[in-house]
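Close look at the chain arrangement
Here's the letter readout for the chains.
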Amino acid sequence: ASGVEGSPNGMAGGKSWTPRWLKFDNSYFFLPGKEEPNDLVALPTDRVLEVDPGFKPFVDKYRADEGAFFADYAAAHKKLSELGSKFVPSGGIRI
């Protein structure tokens, strides 16, 4: 199954930013600035991406070229992973 039966979007615990929340793609960049569908999340910070001069070029780039989004995401993810986690809760981490 691809989701939670009975949930409006097939997702337990809330809403997703994209209709196909289990698929990694560039569909998010087609949604900012549009009215929030009842079953999707759209925060004010999501909506401003299309109009902010600093972010709009990235929305346009990733909307037009999913491969560019994947490449930039992979580079950012790799960099963050290599930096390691600096989060050390006072009570430690328990599993």
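Going by the structure above, here's the rest.
This structure is a prediction, so every number in the text was calculated from the model and none was measured. (Residues numbered from 1 in each chain as written. Predicted model: local features only at pLDDT ≥ 70, side-chain atom pairs only at ≥ 80, totals over all residues. Heavy atoms only, no water.)

Turning to the overall build of the chain, a few remarks are in order. Per the secondary structure count, the chain includes three helices and zero strands. Every one of the 95 residues in the chain was classed for burial, and the buried ones make up 22%. When the accessible surface of the chain is totalled, it reaches about 7,300 Å², and 63% of it is carbon and sulfur. (Helix = DSSP H or I, 4+ residues; strand = E, 2+ residues; numbered from the N terminus. Buried < 20%, exposed > 50% of the residue type's maximum accessible area, 1.4 Å probe, protein only. Areas by Shrake-Rupley, 256 points an atom, 1.4 Å probe, with all protein chains shown as cover.)

A separate point is the packing of helix 2 (residues 56-64) against helix 3 (residues 66-83). Put simply, helix 2 and helix 3 touch, their axes get as near as 5 Å, and they point 115 degrees apart. Here helix 2 contributes K61, Y62 and A64 to the contact with helix 3, which in turn contributes E66, A68, F69 and D72. Per-class residue counts for the contact of helix 2 with helix 3 are four nonpolar, no polar and three charged. (Axes fitted to C-alpha atoms, helices over the stretch in contact; angles between N-to-C directions. Contact = heavy atoms within 4.5 Å. Nonpolar A, V, L, I, M, F, W, Y, C, P; charged D, E, K, R; others polar.)

Between side chains of opposite charge, a pair can form as their charged atoms come close. Tallying each qualifying case throughout the model produces four salt bridges. Across the pair R63 and E50 runs a salt bridge whose closest N-O atoms are separated by 3.1 Å. One end of the pair, R63, is in helix 2; the other, E50, is in the loop between helix 1 (44-47) and helix 2, with 13 residues separating them in the sequence. Owing to a relative accessible area of 24%, R63 belongs among the partly exposed residues under this scheme. Across the pair K78 and E82 runs a salt bridge whose closest N-O atoms are separated by 2.5 Å. Of the two residues, K78 and E82 both sit in helix 3, four residues apart, roughly one turn of that helix. (Salt bridge = Lys/Arg side-chain N within 4 Å of Asp/Glu carboxyl O.)

A word on the packing of aromatic side chains. Under the criterion given, the structure shown has 10 aromatic pairs. Chaining the aromatic ring pairs together yields one cluster made of F24, Y28, F29, F58, Y62, F69, F70 and Y73. Here the guanidinium or amino end of R63 rests over the ring plane of F30, the centre of that ring lying 5.8 Å away. (Phe/Tyr/Trp six-rings, centres within 6.5 Å; stacked < 30°, edge-to-face > 60°. Lys NZ or Arg CZ within 6 Å of the ring centre and 35° of its normal.)

Take the nonpolar core next. Core analysis: the largest hydrophobic core is formed by six residues, namely Y28, F29, L49, V59, Y62 and F69. The contact partners of Y62, leaving out residues within four places of it in the chain, are N26, F29, A68, F69 and D72. (Core = buried A, V, L, I, M, F, W, Y, C linked by side-chain atoms within 4.5 Å.)

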